[in-house]
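Residue strings, one per chain:
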Amino acid sequence: PALADASLNLVGSNNATGSYAVYVIDDGTLNVNGNVLATNVLLDTNNGNINVNADTEGTTNNFVHARGVGAIISGGRLSGTNVQLISDNSGIIANTSASNLNVIAGGSVFIAEANSVNLGTSSAGGSFTMFTSTLFPGIYDPNSPGTILSTGEVSGAGVNLIAAGS
């Protein structure tokens, strides 16, 4: 795993045959500006935002945790069989492509999912909004089929789950 004691910027392609883990252990931001591909991906900060500006794929697991006051903001796509996004006290804005997704945030949540998804137990301190079948990050395609199967409780100040074609 990579450890950083302050803010960290990842650039270029970052590929690993097994697990790829980055921990920012002191207050600081993690900026992912290059694609990441590995079997298991872990991005973790302590009191700092996680800004994912490139595609990040954990083919099996993609775990992103902004501890403390950090938010998760993803312009790139976070993908994998199992994707878990946690922001302890702030919000999450993310583009995903997950078979199974769990989201927990102290603030509001906005998810743009590329495909159909199994949404597990998820919660938001504010509103929780999710769209399926996005063409590109953040661009919704109302003509593309996409479903949301919820296998757990989804809670928030207001919950909006919008599946394309429904």
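Bear in mind the structure is a predicted one, so any value in this text is a computation, not a measurement. Position numbers for residues count from 1 along each chain, tracking the sequence in the order it is written. This being a predicted model, a pLDDT of at least 70 is required before a residue's local features are given, and a value of 80 or more before pairs of side-chain atoms are given or counted; all residues contribute to the totals for chains, interfaces and linings. Only heavy atoms go into the side-chain values, all of them from the structure, while hydrogens and water stay out.

Engineer: What am I meant to see in unusual backbone geometry here?
Structural biologist: At Asn47, a position not held by glycine, the phi torsion is positive, near 60°. Its place among the elements puts Asn47 in the loop between strand 6 (36–46) and strand 7 (50–52). Helix and strand labels come from DSSP, where a helix needs a run of H or I of at least four residues and a strand needs a run of E of at least two; each type is numbered from the N terminus.

Engineer: Just to check I follow, could you spell out a nonpolar patch on the surface for this structure?
Structural biologist: In this analysis, a patch consists of residues with relative accessible area above 30% that form no salt bridge, clustered at 9 Å for like charges and at 5 Å for the nonpolar side chains Val, Leu, Ile, Met, Phe, Trp and Tyr. Note that accessible areas follow from Shrake-Rupley with a 1.4 Å probe, and for residues the cover is restricted to the protein chains shown. Any Lys or Arg side-chain nitrogen found within 4 Å of a carboxyl oxygen on Asp or Glu counts as a salt bridge. On the surface, Ile73, Ile93 and Phe110 cluster together to form a nonpolar patch covering roughly 240 Å² of accessible area. Note that Ile93 resides in strand 10 (residues 92–105). Taking relative accessible area as the criterion, Ile93 reaches 48% and is therefore assigned partly exposed. For each residue, the accessible area found with a 1.4 Å probe, counting protein chains only, is set against the maximum for its type, and the residue is called buried under 20%, exposed over 50%, and partly exposed in between.

Engineer: Even after reading the chapter, I still don't get the pairing of strand 9 (residues 72–87), so can you show me in this structure?
Structural biologist: The two faces of the sheet receive side chains in turn, since in a regular strand these alternate between them. DSSP calls a pair of strands paired once it identifies at least 2 bridges connecting them. Both strand 7 and strand 9 contribute to a ladder of three bridges, which runs parallel. Residue Ile50 lies in a different strand from strand 9, and its bridge partner there is Ile72. The pairing of strand 8 (residues 56–67) with strand 9 spans nine bridges and is classified as parallel. Its bridge partner being in strand 9, Phe63 is matched across the sheet by Gln84. Looking at chain direction, strand 9 and strand 10 are connected through twelve bridges and run parallel. Across the sheet, the residue bridging to Ser79 is Ser97, located in strand 10.

Engineer: So what exactly am I meant to see when it comes to the side chain of Ser90 here?
Structural biologist: Note on placement: Ser90 falls in the loop between strand 9 and strand 10. Residue classification places Ser90 among the buried residues on the basis of a relative accessible area of 17%. In contact with Ser90, other than residues within four places in its own chain, are Val69, Gly70, Ala71, Ala105, Gly106 and Gly107. Any two residues having at least one pair of non-hydrogen atoms within 4.5 Å are treated as being in contact.

Engineer: What should I look at first to understand the environment of Arg77 in this one?
Structural biologist: For Arg77, the position within the fold is in strand 9. Residues Arg77 and Ala112, spaced 35 residues apart in sequence, show a C-alpha to C-alpha distance of 9.2 Å. A distance of 3.0 Å separates a polar side-chain atom of Arg77 from the backbone oxygen of Thr96. Polar contact is defined as a pair of N or O atoms within 3.5 Å, subject to the rule that within protein one atom must be able to donate a hydrogen and the other to accept it, and that residues adjacent in sequence are counted only when both atoms are side-chain atoms.

Engineer: What is the right way to read the nonpolar core from this model?
Structural biologist: For soluble globular proteins, nonpolar side chains are generally found buried alongside one another. Residue types Ala, Val, Leu, Ile, Met, Phe, Trp, Tyr and Cys, when buried and joined through side-chain atoms within 4.5 Å, form a set referred to as a nonpolar core. In this structure, Leu43, Leu85, Ile92, Leu101 and Ile111 are the most contacted members of the largest nonpolar core, which totals 31 residues. A total of six residues in this core trace back to one element, the largest contributor, which is strand 10. In this structure Ile111 touches Leu85, Ile92, Ala94, Thr96, Leu101, Val103, Thr129, Met130 and Phe131, once residues within four positions along its chain are discounted.

Engineer: Just to check I follow, could you spell out the environment of Val159 for this structure?
Structural biologist: With respect to the helices and strands, Val159 occurs in strand 19 (residues 159–162). Overall, Val159 belongs to the partly exposed group, its relative accessible area being 36%. As for Val159 and Phe128, which are separated by 31 residues in sequence, their C-alpha atoms are 4.8 Å apart. Beyond its immediate sequence surroundings of up to four residues, Val159 is in contact with Phe128 and Val154.

Engineer: Looking at this structure, how should I read the side chain of His65?
Structural biologist: Within the secondary structure, His65 is located in strand 8. With a relative accessible area of 8%, His65 lands in the buried category. A polar contact is formed between the side chain of His65 and the side chain of Asp88, at a distance of 2.9 Å. Those residues in contact with His65 that lie beyond four places of it in its chain are Leu43, Asp44, Thr45, Ile50, Ile86 and Asp88.

Engineer: What is the right way to look at the environment of Ile162 in this model?
Structural biologist: Tracing the chain through its elements places Ile162 in strand 19. Taking the C-alpha atoms as reference points, Ile162 and Thr147, separated by 15 residues in sequence, lie 8.5 Å from one another.

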